[in-house]
Amino acid sequence: MPKAYVFTRYGGPETEAFVDVDRPSPGPGEVLVAVRAAGVNPVDWKLRQGYRRPGDSAERVFPSVLGNEVSGVVEETGEGVTGFAPGDEVFGTAVAGGYAAYALLAADITAHRPAALSAAAAATLPVAAATAYDGVHQLGLPAGATLLVTGAGGGVGVAAVQIARALGVRVVGVAGEGKKALLESLGVVHVPSGPGWAARVRAAAPDGIDGVYDLVGGEVLHTAAALVKDPAHLITAGAPAEEVEALGGARVLRARSADVLRAVADLVVAGDLDPHITRTFPLERADEALREVESGHAQGKIVIEVAG
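Reading the values: rules and limits
- Residues numbered from 1 in each chain as written.
- Predicted model: local features only at pLDDT ≥ 70, side-chain atom pairs only at ≥ 80, totals over all residues.
- Heavy atoms only, no water.
- Pairing = 2+ DSSP bridges.
- Helix = DSSP H or I, 4+ residues; strand = E, 2+ residues; numbered from the N terminus.
- Contact = heavy atoms within 4.5 Å.
- Axes fitted to C-alpha atoms, helices over the stretch in contact; angles between N-to-C directions.
- Phe/Tyr/Trp six-rings, centres within 6.5 Å; stacked < 30°, edge-to-face > 60°.
- Buried < 20%, exposed > 50% of the residue type's maximum accessible area, 1.4 Å probe, protein only.
- Lys NZ or Arg CZ within 6 Å of the ring centre and 35° of its normal.

Moving on, we get to the sheet that holds strand β2 (residues 16–20). Backbone hydrogen bonds are what pair the strands of a sheet, in a parallel or an antiparallel way. Here three strands make up an open sheet; going across it, the order is β2-β1-β4 and the pairing antiparallel. Two strands close off the open sheet at either side, each with one partner strand: β2 and β4 (64–65). As paired strands, strand β1 (residues 3–7) and β4 are joined by two bridges and run antiparallel to one another. Following the sheet pairing, Val-6 is matched in β4 by Val-65. Along the sheet, helix α10 (residues 286–294) makes contact with β1 and β2, crossing β2 at roughly 150°.

Shown next, in the form of structure tokens:
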């Protein structure tokens, strides 16, 4: 039977296990794929701990397959699905987990994988890169403006700074010292995180901050709000809507569309967006892949590869 890496209840790593699962059947609007690669993200372990994303309503059924980002080969399509056929190389957001031999994707947020884009690279795009793209375009800063990104060294941050730079926006990125070399290689003005970071941002951007893309939340969000010229140009993917709205800003509005997936894929193919895959793991070492991301020390993106 096909293998999957799951969590059996809410909690820590002790709740994770490899299990045999039936090959799923696609429902209306779904595409079944044989997984070739799955992206690993902080939200994966947060969901295991019981985090509920905005809009989540259904109760989780256990065991629950981990993972949200998938690239693979179409095996079967569900009722009402058009534009996809068995054998198509695609990538998208998993309906019920992606650390597995097979996964179901929502057809309306699935895109064909360009031949110039590897399966591993495609599996890094549906969550982190798409969130980055949505936020940068929501801000709509003109070329020459200065964008502050907090948490700039994470998966969303690394994608956001590249997308903004491709639009001609100057970027100041707050992140730990360990991310300095990476961010500077992307044309970002690195500001070390930690006490006094706001003063360091002011020194790095003496003409002021035109927009903030916050990926941390909490005290960092509140400090960043005091730096931006216009609070309408403050967005966050790291705090609840009510918290950022009280500061005059907004949550990142996620498009969750195939159009965005095609757009970020085109950026990778054009050389404007590097997913920065730093390590890959086979499916049988999915636990190690998730531990590396959960540690908070991963440089770039971690990908699980599944043998065909």
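Our focus in this paragraph is the sheet that holds strand β8 (residues 146–150). In space, the six strands of this open sheet follow the order β10-β9-β8-β11-β12-β13, with parallel pairing throughout. Of all strands in the sheet, those bounded by a partner on one side alone are β10 (189–192) and β13 (250–251). Bridge count for β8 against strand β9 (residues 170–175) is five bridges, and the pairing is parallel. Bridge pairing in β9 links Thr-150 to Val-174. Of the strands in this sheet, β8, β11 (211–214), β12 (234–236) and β13 are in contact with helix α3 (residues 125–139), which crosses β11 at around 160°. The strands touched by helix α6 (residues 197–204) are β8, β9 and β10; relative to β10, the strand with the most contacts, the crossing angle is about 155°.

As for its placement among the helices and strands, Ala-265 is situated in helix α9 (residues 258–270). Here the alpha-carbon distance between Ala-265 and Pro-126, two residues 139 residues apart in the chain, equals 9.6 Å. Discounting chain neighbours no more than four positions away, the residues touching Ala-265 are Phe-91, Pro-114, Leu-117 and Leu-125.

Take the packing of aromatic side chains next. Under the defined criterion, the tally for this structure stands at four aromatic pairs. Judged by centre distance (5.7 Å) and plane angle (70°), the ring pair of Phe-7 and Phe-62 falls under edge-to-face. Here Phe-62 lies in the loop between α1 (42–48) and β4 and Phe-7 lies in strand β1, a separation of 55 residues in the sequence. What makes Phe-62 partly exposed here is its relative accessible area of 34%. Taken together, a centroid distance of 5.1 Å and an interplanar angle of 85° make the contact between Tyr-10 and Phe-62 edge-to-face. Separated by 52 residues along the polypeptide, Tyr-10 in the loop between β1 and β2 and Phe-62 in the loop between α1 and β4 bring together distant segments of the chain. Chaining the aromatic ring pairs together yields one cluster made of Phe-7, Tyr-10 and Phe-62. A cation over an aromatic ring shows up here: Arg-23 above the ring of Tyr-102, its NZ or CZ 5.2 Å from the ring centre.

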